[in-house]
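Now for the letters of each chain:
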Amino acid sequence: MKTRTVLFIWLGALLVGLNARAATYHMSPSGVDSPTAAAWKTFAYALPRLLPGDTLLLRDGIYTKAEAGSLEADCRATTTNHAATGLDEARRVTVRAEHERQAHLLDNGMSYYVVNIIGCNYWTIEGLHISGTQTTASTTNNGGIMVQSGAHHVVIRRNLIHDLNHYNGSSGIIFAYSASDGLVEENEAYNLNRDMIY
């Protein structure tokens, strides 16, 4: 009985420790890429610092590619400075707007996708406002959110996607290249060149 009691206490402490480790971070168009900053500025700085269970809140404002970079999370171990994959439903990595649709990712019309989730499992993208710029200079299909390279259990929820580059446009939300078990719910899209969901 004593051995069993000690085991239960140890497992309980382990679970509490895992839950306590989850953290919430902030990004802002006026942020600073520093460990002591109240809000970070670029996705290149923020995304590799997220661990399973963490949440990145995007404060209100416009996030341009020139200033904030691209929301591209690559969880493949072969990638330099790669992002962390989520582990299960309780330890998702979440990127969401602090106030729904008030964090505006405005693309320059040249990106492959405005949001690109590559090989990341148990990620959530929620409440973002995503749009593009019209340009004939683009040589790639431009789209809103791409989930790819075997990523699974990715949730795309309550985002607004519109006016992607019509000159070389693609779909609003795409699951491709062996991505599986995704959930797409309560998103809104308009003025796309192709499908809302592919």
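Residues numbered from 1 in each chain as written. Predicted model: local features only at pLDDT ≥ 70, side-chain atom pairs only at ≥ 80, totals over all residues. Heavy atoms only, no water.

Caption draft 1: Unusual backbone geometry, seen in detail. A positive phi angle, close to 55°, is found at tyrosine 177, a residue other than glycine. Tracing the backbone shows tyrosine 177 in the loop between strand E13 (173-175) and strand E14 (183-185). If you check the backbone angles, glutamate 186 has positive phi at about 60° while not being a glycine. In this fold, glutamate 186 is placed in the loop between E14 and strand E15 (188-190). (Helix = DSSP H or I, 4+ residues; strand = E, 2+ residues; numbered from the N terminus.)

Caption draft 2: Fine view of the pattern of salt bridges. Evaluation of the coordinates by the stated rule reveals 9 salt bridges. In this structure, glutamate 89 engages arginine 92 in a salt bridge whose closest nitrogen and oxygen atoms are separated by 2.9 Å. A relative accessible area of 12% means that arginine 92 is categorised as buried. Each of Glu100, Arg158 and Glu186 takes part in salt bridges that share partners, so that together they form one network. (Salt bridge = Lys/Arg side-chain N within 4 Å of Asp/Glu carboxyl O. Buried < 20%, exposed > 50% of the residue type's maximum accessible area, 1.4 Å probe, protein only.)

Caption draft 3: Region of the structure containing the state of the cysteines. Summed over all chains, the structure comprises 1 disulfide. The side chain of cysteine 75 participates in a disulfide bridge whose partner is cysteine 120; the two sulfur atoms lie 2.0 Å from each other. On the S-S bond that ties cysteine 75 to cysteine 120, the torsion sits near 95°, and the link is right-handed. You can see cysteine 75 sitting in the loop between strand E4 (71-74) and strand E5 (93-97) and its partner cysteine 120 sitting in the loop between strand E7 (113-118) and strand E8 (123-126), a full 45 residues away along the chain. A relative accessible area of 12% means that cysteine 75 is categorised as buried. Relative accessible area serves as the criterion here: at 0%, cysteine 120 is assigned to the buried category. (Disulfide = S-S within 2.5 Å.)

Caption draft 4: A look at the packing of aromatic side chains. Applying the stated criterion across every chain yields a total of 4 aromatic pairs. Ring geometry for phenylalanine 43 against tyrosine 63: centres 6.3 Å apart, planes inclined by 40°, an arrangement best described as tilted. Note that phenylalanine 43 is positioned in helix H2 (residues 43-46) and tyrosine 63 in strand E3 (residues 61-64), a separation of 20 residues in sequence. Judged by its relative accessible area of 2%, phenylalanine 43 falls in the buried class. You can call tyrosine 63 buried: its relative accessible area is 3%. (Phe/Tyr/Trp six-rings, centres within 6.5 Å; stacked < 30°, edge-to-face > 60°.)

Caption draft 5: Representation of the side chain of asparagine 159 within the structure. If you trace the backbone, asparagine 159 turns up in the loop between strand E11 (155-157) and strand E12 (160-162). The buried category is assigned to asparagine 159, whose relative accessible area is 0%. In terms of polar contacts, asparagine 159 uses its side chain to reach the backbone amide nitrogen of leucine 128, at 2.8 Å. Contacts of asparagine 159, omitting those with residues within four sequence positions, involve Arg101, Ile125, Glu126, Gly127, Leu128, Ile145, Glu186, Asn187 and Glu188. (Polar contact = N/O pair within 3.5 Å; in protein donor to acceptor, adjacent residues only side chain to side chain. Contact = heavy atoms within 4.5 Å.)

Caption draft 6: A look at the confidence of the model for the protein chain. For the protein chain, the mean per-residue pLDDT works out to 89, and 90% of the residues sit at or above 70. Segment residues 1-18: pLDDT under 50, and 1 contact once partners within four positions in sequence are set aside and those in other chains are kept. (pLDDT = per-residue confidence, 0-100.)

Caption draft 7: View of the nonpolar core. Membership of the largest hydrophobic core comes to 38 residues, with the highest contact counts inside it found for Leu58, Leu105 and Trp123. Looking at this core, the elements with two or more residues in it are H2, strand E2 (55-58), E4, E5, strand E6 (103-106), E7, E8 and strand E10 (143-148). (Core = buried A, V, L, I, M, F, W, Y, C linked by side-chain atoms within 4.5 Å.)

Caption draft 8: Main features of the sheet that holds E15. Across the sheet, 5 strands lie side by side as E3-E6-E9-E12-E15; this open sheet has parallel pairing. Pairing within the sheet leaves two strands with one partner each, and these edge strands are E3 and E15. Ignoring strand direction, the axes of neighbouring strands in this sheet form an average angle of 15°. Both strand E9 (residues 129-131) and E12 contribute to a ladder of 3 bridges, which runs parallel. Each bridged residue has a counterpart across the sheet, and for serine 131 the counterpart in E12 is histidine 162. (Pairing = 2+ DSSP bridges. Axes fitted to C-alpha atoms, helices over the stretch in contact; angles between N-to-C directions.)

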